[in-house]
Amino acid sequence: QQQQQQQVQVQGWVRSLRSQKQVTFVNVSDGSTARPLQVVLPEKLAAHTVSLTNGCAVQVTGQLCPSLGSEQALELVADSVQVTGECDPKANPIQKTRHSPEYLREHVHLRPRTNTGAAVLRIRSELSTAIHAFYKSLGFYQVHTPVLTGNDCEGAGEAFLVQPQSNDNTAHFFGRPTYLTVSGQLHAEALATGVGRVYVLGPTFRAENSHTPRHLAEFYMLEVEMSFANKNTAMDLCEACVVASVQHVLQTCSADLEMFAKFVDKDLMPRLDTLATARFARISYSEALERLVESKQKFQAPIEWGLDLGFEHEKWLVDQESRPVFVTDYPKTIKPFYMRRNENTETVAAFDLLVPSIGELAGGSAREERVDVLAENMAAAGLGAEYDWYLDLRRFGTVPHAGFGVGFERLVQLVTGIKNIRDSIPFPRHAGTCRL
């Protein structure tokens, strides 16, 4: 309100325009909000409207005034308008009509010009802001783990091997096989032994030949490690982090969320309200299997102790609870070597966080702090001397510790209702596709 009747200058892109006899209305957006600014061009500027087209870049100077229309509180009555970047409306791949997600992936460099593309960027930014503020408030330190590594944290053999283009196949550039990281967890554990509690928000890579809408080859992970902690400590923190992130987006991105609720997912807002207020359920893996068997539902994947839960199983469990669900204490045979073995030796102190529509959003565990047990696990996994440094973390001042990882793009999906994970990241990389 303080800006009313003041001379202002705006710069942005034309989203739409309509001409009447004495005036032209132009919707201009600078990308900072889902709601464009209505610019009113009086008759004296009629000559300038000829060069205005959808998508062109403009600079407008004028008076910010109360709007006579019902769709906006304020509008800009222009004194001058300058086209700073022309846009041929016939050649422009981004038209005023709604484009399919598949079409926009073919023009991913122009996708931010669309309403949904820009909204995803804004929500990603606010989620990142929420995460940093949350961990800062709890005394965690942000750290940076290497992108290049000699370790395969998950032990799944799905790492990208890094080699120079000029590689002559006679020697490794780093003197040993080196990969793009699949997780910063092991390095974060080392850093947590120095400053107590750390988190990483960075890129990870998986050479998984998957073509489903749930997987990417490059994605971002929030990874948290803390000393003097256990499985329950990690679950409490993971839940609080997700709730705080959802609450922040509800407070800061209302216009974007309204758009996603209208055009992408009709059930988005009730789901977000539940996420922001409900306590998450907690059940063991064994209890989850019992529920699935007792349900008499016909699932495609088998339900058997020792097998991982499939997406259909995860979805059913969440639907039954009508809220997020932690599933805990998985069989040790289906979890990585670093997870702490429970006293019964058949399970590990692990957890997965299952959420509506997405399935698994986060996974974590108490880390195995006993050097003899960890060494046994590593030997069983076929891990050699290159992981001896990881044992050093237990040999010299070991403590109970725990951590977890949250898939950032899946978190974006959760708060937007986007179905395909390729639409939750600016430049998706997946099997068969690495555009730009």
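Because the structure is predicted, anything quoted here is derived from the model rather than measured. (Residues numbered from 1 in each chain as written. Predicted model: local features only at pLDDT ≥ 70, side-chain atom pairs only at ≥ 80, totals over all residues. Heavy atoms only, no water.)

Here we have five strands rolled up into a closed barrel, ordered β1-β2-β3-β5-β4, and mixed in their pairing. Neighbour-to-neighbour, the strand axes of the sheet open up by a mean angle of 55 degrees, direction not taken into account. Where strand β4 (residues 57–66) meets strand β5 (residues 74–85), ten bridges bridge the pair, whose relative direction is antiparallel. Within β5, the position partnered with C65 by the bridge is E75. (Pairing = 2+ DSSP bridges. Helix = DSSP H or I, 4+ residues; strand = E, 2+ residues; numbered from the N terminus. Axes fitted to C-alpha atoms, helices over the stretch in contact; angles between N-to-C directions.)

Residues other than glycine seldom take positive phi values, yet D329 does so here, at roughly 55 degrees. Mapped onto the elements of the fold, D329 is located in the loop between β12 (325–328) and β13 (350–355). The phi dihedral of L436 is positive, around 60 degrees, even though this residue is not glycine. Here L436 is to be found in the segment after β17 (433–434).

With mixed pairing, the eight strands of this open sheet are ordered in space as β6-β9-β10-β15-β14-β13-β12-β11. Of all strands in the sheet, those with a lone pairing partner are β6 (141–142) and β11 (281–284), marking the two edges. Pairing between β12 and β13: four bridges, direction antiparallel. Residue pairing in the sheet places V327 in a bridge with D352 of β13. Contacts from helix α7 (residues 285–294) reach β11 and β12, with the element oriented near 90 degrees to β11. (Contact = heavy atoms within 4.5 Å.)

Another point: the pairing of β5. Of the pairings in the sheet, the one linking strand β3 (residues 37–42) to β5 comprises two bridges and is parallel in character. Each residue of the ladder has a partner; that of V39, found in β5, is L76.

What follows deals with helix α6 (residues 268–277). Turning to α6, its buried residues are L268, R271, L272, L275 and A276. Buried residues of α6, viewed axially, fall in a sector of 135 degrees; they line one side. (Buried < 20%, exposed > 50% of the residue type's maximum accessible area, 1.4 Å probe, protein only. Arc of directions from axis to C-beta.)

Scanning the model with the defined rule gives three cavities of 30 Å³ or more in all. Along its surface, the largest cavity is lined by E189, T193, L393, R394, G397, T398, V399 and H401. Sorting the residues of the lining of the largest cavity by element identifies α3 (185–195) and α10 (388–395) as the ones contributing at least two each. For the lining of the largest cavity, a count of residues per class yields two nonpolar, four polar and two charged. (1 Å grid on protein atoms, 1.4 Å probe; cavity = no way out; pocket = protein on both sides within 12 Å on 5 of 7 lines; lining within 4 Å. Points joined across faces, edges and corners; volume = space filled by probe spheres on them. Nonpolar A, V, L, I, M, F, W, Y, C, P; charged D, E, K, R; others polar.)

Between helix α4 (residues 231–252) and α6, the shortest axis-to-axis distance is 8 Å and the interhelical angle comes to 135 degrees. Judged by the inter-axis angle, α4 sits oblique to α6. Here α4 and α6 pass one another in a crossing that is left-handed. For the pair α4 and α6, the contacting residues are V243, V246, Q247 and L250 in the first and M269, L272, D273, L275 and A276 in the second. Considered class by class, the residues forming the contact of α4 with α6 number seven nonpolar, one polar and one charged. (Parallel < 35°, antiparallel > 145°, perpendicular 65-115°, else oblique. Left-handed = near helix turned anticlockwise from the far one by under 90°.)

Most of helix α11 (residues 408–416) is tucked away, with nine of its nine residues classed as buried. Considered for burial, the residues of α11 that qualify are F408, E409, R410, L411, V412, Q413, L414, V415 and T416. Just downstream of α11 lies G417, where phi reads positive at about 85 degrees.

Moving on to a nonpolar patch on the surface. Side chains of V147, L148, F173 and F174 sit close together on the surface and give an oily, nonpolar patch of about 390 Å² of accessible area. Relative to the helices and strands, F173 resides in the loop between β7 (148–149) and β8 (179–180). We classify F173 as exposed; its relative accessible area is 62%. (Patch = residues over 30% accessible without salt bridge, like charges linked within 9 Å, V, L, I, M, F, W, Y side chains within 5 Å. Areas by Shrake-Rupley, 256 points an atom, 1.4 Å probe, with all protein chains shown as cover. Salt bridge = Lys/Arg side-chain N within 4 Å of Asp/Glu carboxyl O.)

Bringing the side chain of S29 into the picture now. Relative to the elements of secondary structure, S29 occurs in strand β2 (residues 23–29). S29 sits in the buried class, given a relative accessible area of 7%. A polar side-chain atom of S29 sits 3.1 Å from the main-chain amide nitrogen of G31. Leave out the neighbours within four places in its chain, and S29 touches G12, W13, R15 and P36. (Polar contact = N/O pair within 3.5 Å; in protein donor to acceptor, adjacent residues only side chain to side chain.)

With respect to the helices, strands and loops of the structure, H248 is situated in helix α4. What makes H248 buried here is its relative accessible area of 19%. C-alpha of H248 to C-alpha of A192: the two residues are 56 residues apart in sequence and 27 Å apart in space. Other than its neighbours up to four places away in sequence, H248 contacts E126, T129 and A130. Polar side-chain contacts of H248 include one of 2.6 Å to the side chain of E126.

Positionally, D423 belongs in the loop between α11 and β16 (429–430). We classify D423 as buried; its relative accessible area is 15%. A sequence separation of 410 residues divides D423 from W13, and the C-alpha atoms of the two residues are 22 Å apart. Side-chain polar atoms of D423 contact the side chain of R105, separated by 2.8 Å.

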